[in-house]
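Working through the structure, step by step
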Amino acid sequence: DTGVSQDPRHKITKRGQNVTFRCDPISEHNRLYWYRQTLGQGPEFLTYFQNEAQLEKSRLLSDRFSAERPKGSFSTLEIQRTEQGDSAMYLCASSLGQHEQFFGPGTRLTVL
Amino acid sequence: GENVEQHPSTLSVQEGDSAVIKCTYSDSASNYFPWYKQELGKRPQLIIDIRSNVGEKKDQRIAVTLNKTAKHFSLHITETQPEDSAVYFCAASINNNNDMRFGAGTRLTVKP
């Protein structure tokens, strides 16, 4: 386990379709975070998990977005009825408690 | 909620010179302030962080200062090298690491 991994790395979809992304954190990390990053901006916090519990959600996270971490290990982020404004890099990060967050390589979503 | 502002948006220095990037935050309850470096097409990586119980932290050529009264913190890079060229993001969070808010980033270019 060399770091946080994300799959897929790139996703192109048509408007209105659903997409799902996966994040595998560093194995011993109990916290997992999802961010969205658009060109020229810093990452925007979306949500975070401590073990399997989703403890915080940003107001940016509309009803079309849902995230899960069913067994406290990997997490999925689903976007339903995608819109062009959803096009962005979706970053996952993990940490051991309050220590440093390690980021994954991201999933670049393009909605046509 | 927390709002983080970062200046300048771009910074160009000559190799060997110092670079300073400044950030301000709005929520006095914020107590964790990391700095991330993001090279083109790569994931953000932590370069240094500071918690609210200290005013300054140094790691080789990189230092961070925190002024809790003024609610601002700065990144100082001395003896810059071309490989320091990247986008740097500051961030602030309440409760150490949860719901991290990022600045918009500073694109640093170090000219050889």
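Residues numbered from 1 in each chain as written. Chains lettered and ligands numbered in written order. Predicted model: local features only at pLDDT ≥ 70, side-chain atom pairs only at ≥ 80, totals over all residues. Heavy atoms only, no water.

Residue and element names in this part refer to chain B. The sheet built from 5 strands is open, its strands ordered β1-β3-β8-β7-β6 with antiparallel pairing. Across the chains shown, the open sheet's two edge strands, defined by having one partner strand only, are β1 (4–7) and β6 (56–59). Neighbour to neighbour, the strand axes of the sheet diverge by 15 degrees on average, direction disregarded. Examined bridge by bridge, strand β7 (residues 62–67) and strand β8 (residues 72–77) share 6 bridges and lie antiparallel to one another. By the bridge assignment, N67 is partnered in β8 with H72. (Pairing = 2+ DSSP bridges. Helix = DSSP H or I, 4+ residues; strand = E, 2+ residues; numbered from the N terminus. Axes fitted to C-alpha atoms, helices over the stretch in contact; angles between N-to-C directions.)

Quick look at the interface of chain B and chain A now. With 18 residues of chain B in contact, the opposing surface of chain A contributes 23 residues. Between chain B and chain A, a total of about 1,600 Å² is buried, with carbon and sulfur atoms accounting for 45% of that surface. Across the chain B-chain A interface, the total number found is 0 salt bridges. In this assembly, chain B and chain A are joined by 5 residue pairs in polar contact (both at pLDDT 80 or more). Contributions of two or more residues to the side of chain B that touches chain A are made by β4 (30–38), β5 (45–51) and β10 (98–102) of chain B. When residues of the side of chain B that touches chain A are assigned to their parent elements, the largest contribution, 4 residues, is made by β10 of chain B. Residues belonging to the side of chain B that touches chain A are distributed by class as follows: 8 nonpolar, 7 polar and 3 charged. (Contact = heavy atoms within 4.5 Å. Buried area = accessible area lost by both parts, 1.4 Å probe. Salt bridge = Lys/Arg side-chain N within 4 Å of Asp/Glu carboxyl O. Polar contact = N/O pair within 3.5 Å; in protein donor to acceptor, adjacent residues only side chain to side chain. Nonpolar A, V, L, I, M, F, W, Y, C, P; charged D, E, K, R; others polar.)

Take the pattern of salt bridges next. Inspection of every chain in the model, using the stated rule, returns 6 salt bridges over all chains. Across the pair D86 of chain A and R64 of chain A runs a salt bridge, and its minimum N-O distance is 2.8 Å. With D86 of chain A in the loop between β8 (75–79) and β9 (88–95) and R64 of chain A in the loop between β6 (53–57) and β7 (65–68), this pair connects stretches of sequence that are 22 residues apart. Overall, D86 of chain A belongs to the buried group, its relative accessible area being 3%. Classification of R64 of chain A by relative accessible area gives buried; the value is 11%. A salt bridge links R61 of chain B to D84 of chain B; the shortest N-O distance between them is 2.9 Å. Highlighted residues: R61 of chain B in the loop between β6 and β7 and D84 of chain B in the loop between β8 and β9 (86–94), separated in sequence by 23 residues. (Buried < 20%, exposed > 50% of the residue type's maximum accessible area, 1.4 Å probe, protein only.)

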